Amino acid sequence: MTLNIILLGPPGAGKGTQARRLVEERGLVQLSTGDMLREARSSGTEMGKVVAEVMDKGQLVTDEIVIGLIREKLESSDAPGFIFDGFPRTLAQADALGELLGDMGQKVDAVIEMQVDDEALVRRITGRYTCGNCGEVYHDETRPTAKDGVCDVCGSTDLRRRADDNEDSLKTRLLEYYKKTSPLIGYYYAKGELHRIDGLAAVDEVAAELSAVLARL
Ligand code: AP5
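Along each chain, residues carry numbers from 1 onward, in the same order as the chain's sequence is written. pLDDT decides what is reported in this predicted model: residues at 70 or higher carry local features, side-chain atom pairs at 80 or more are listed and counted, and totals for whole chains, interfaces and linings draw on all residues regardless. Heavy atoms from the whole structure form the basis of all side-chain values; hydrogens and water molecules are not counted.

(A) The arrangement of unusual backbone geometry in detail. Residue P88 is reached from F87 by a cis peptide bond, and omega for that bond is 0°. As for its position among the elements, P88 is in the loop between strand 3 (81-85) and helix 5 (91-103). Secondary structure elements follow DSSP: runs of H or I no shorter than four residues count as helices, runs of E no shorter than two count as strands, and numbering proceeds from the N terminus.

(B) Looking closely at the sheet that holds strand 2 (residues 29-32). Taken in spatial order, the 5 strands make up an open sheet running 2-3-1-4-8, and their pairing is parallel. Only two strands of the sheet have a single neighbouring strand rather than two, namely strand 2 and strand 8 (194-198). Across this sheet, the average inter-strand angle for adjacent strands is 25°, counted without regard to direction. Strand pairing is assigned whenever DSSP detects at least two bridges linking the two strands. Across 5 bridges, strand 1 (residues 3-8) lies against strand 3 in parallel orientation. Counterpart to I6 in the pairing with strand 3 is F84. The contact definition used throughout considers only heavy atoms, calling two residues in contact when any of these lie within 4.5 Å. The axes are straight lines fitted to the C-alpha atoms, using for helices just the contacting stretch, and the angles between their N-to-C directions are given from 0 to 180°. Helix 2 (residues 33-42) contacts strand 2 and strand 3 of the sheet and is inclined by roughly 65° relative to strand 2.

(C) How the structure looks around the site of the ligand. What surrounds the ligand is a group of 36 residues, the closest being T17, Q59, R89, R128 and R173. We define a polar contact as two N or O atoms separated by no more than 3.5 Å, with the added condition that, inside protein, one atom must be a possible hydrogen donor and the other a possible acceptor, whereas residues neighbouring each other in sequence contribute only through side-chain atom pairs. Here R128 contributes a side-chain N or O atom positioned 2.6 Å from an oxygen atom of the ligand. Burial of the ligand by the protein amounts to 96% of the accessible area it has alone, namely 1000 Å². Looking at the shell around the ligand, the elements that each hand over two or more residues are helix 1 (15-26), helix 2, helix 6 (118-126), strand 6 (137-139) and helix 9 (203-215). If one sorts the elements of the shell around the ligand by residue count, helix 2 sits on top with 4 residues. Amino acid classes used here: Ala, Val, Leu, Ile, Met, Phe, Trp, Tyr, Cys and Pro are nonpolar; Asp, Glu, Lys and Arg are charged; the rest, including Gly, are polar. By residue class, the composition of the shell around the ligand is 16 nonpolar, 12 polar and 8 charged. One heavy atom suffices: a residue is near a molecule or strand as soon as one of its heavy atoms comes within 4 Å of it. Residue burial considers only the protein chains on display, and all accessible areas are found by Shrake-Rupley using a 1.4 Å probe.

(D) Spotlight on empty space enclosed by the protein. Only protein atoms enter the 1 Å grid used here, on which a cavity is any set of points holding a 1.4 Å probe that cannot leave and a pocket is any open set flanked by protein within 12 Å on both sides along at least five of seven lines; residues with an atom within 4 Å of a point are listed as lining. Grid points are joined across faces, edges and corners, and a volume is the space filled by probe spheres set on the points. Tallying each qualifying case throughout the model produces 1 cavity of 30 Å³ or more. Taken as a whole, the largest cavity holds about 40 Å³ of empty space. Surrounding the largest cavity, Q18, R21, L22, E25, A207, L210 and S211 form its lining. Residue assignment for the lining of the largest cavity shows that the elements contributing at least two residues are helix 1 and helix 9. Top element by residues in the lining of the largest cavity is helix 1. It accounts for 4 residues. Class assignment for the residues of the lining of the largest cavity results in 3 nonpolar, 2 polar and 2 charged.

(E) Here's a closer look at helix 5. Expected helix span is computed as 1.5 Å times (number of residues minus one). An ideal rise of 1.5 Å per residue puts 18 Å on 13 residues; helix 5 measures up with 19 Å between its terminal C-alpha atoms. Each residue is assigned to one of three classes by its accessible area relative to the maximum for its type, calculated with a 1.4 Å probe on protein chains only: buried under 20%, partly exposed between the two thresholds, exposed over 50%. Along helix 5, the positions that sit buried rather than exposed are Q93, A94, A96, L97, L100 and L101. The buried residues of helix 5 occupy an angular sector of 165° when the element is viewed end-on, so they sit on one face. The outward face of helix 5, more than 90 degrees from its buried face, is lined by the exposed residues E99 and D103. Those residues of helix 5 that are buried are in contact with strand 1, helix 4 (63-75), strand 3 and helix 8 (183-190). Think of the arc as the fan of directions from the helix axis to the C-beta atoms.

(F) The environment of G12, seen in detail. Examined against the element boundaries, G12 turns out to sit in the loop between strand 1 and helix 1. By relative accessible area, which is 15% here, G12 ends up buried. Between the C-alpha atom of G12 and that of M114, which follows or precedes it by 102 residues, the distance is 10.0 Å. Among residues more than four places away in sequence, those in contact with G12 are L121, R124 and I125.

(G) Looking closely at helix 1. Under the 1.5 Å per step criterion, the end-to-end length of helix 1 is 16 Å for 12 residues, consistent within 8% with the ideal 16 Å. The set of residues buried in helix 1 consists of K15, Q18, A19 and L22. End-on, the buried residues of helix 1 take up no more than an arc of 105°, which puts them together on one face. Buried residues along helix 1 sit against strand 1, strand 2, strand 3, strand 4 (110-115) and helix 9.

Listed below in structure tokens is the structure:
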């Protein structure tokens, strides 16, 4: 049986952190459009350059590009299910995802809205750094590496901060979220697929709440 989950929430809600845990615990595949787009930008192609400019400003990349990336991943995978992290972000993307999964004989099984307050997001985003090698996510205050400058998981010293993790880009990212992505909460509620969890709790508590929701499906 397949399991397809969408993690929905503003920048810094903890989608990536929880998605990585679900990959470990349930063998699902994480599809983060943010990671895919960061890969595209580092490729140096024309598309990558366009994407980089849009992302650094904190705006949304076009539906066409993002849906194309997701289509490619879905069509080339035989995974038992997917965790959609940062996708869909617009109503057009949500409709497209429904169709793509439908063509595969699958559906969205649950949409988890991670609820957080906006002030916490600024602290989370400005303190975040990630491992450039394995993608592990850290935070200056709440989750620093055990050894300064070295990833706990893979031992890499390539720890990075994202170009869009500053207060100016975050303002635009939040505006984009409230204008274009938050309508998805009502959309999935109306479809009977929405679940809400407290994203402000500690990482382990959020993970436990998420597991409890999935156990009830
Ligand atoms: P993307 O990479 O998706 O970024 P985002 O949605 O802004 O989300 P973040 O990755 O910033 O946050 P998160 O919720 O994953 O939080 P995390 O777990 O890291 O998108 C980037 C850009 O790409 C967009 O702005 C847009 O331009 C483009 N894009 C991407 N998808 C698109 C799409 N579908 N359509 C169009 N454009 C698209 O946690 C944050 C920090 O908090 C970490 O430091 C972490 O350690 C800490 N933390 C996490 N959980 C907790 C907790 N429970 N308690 C304390 N600290 C915590």
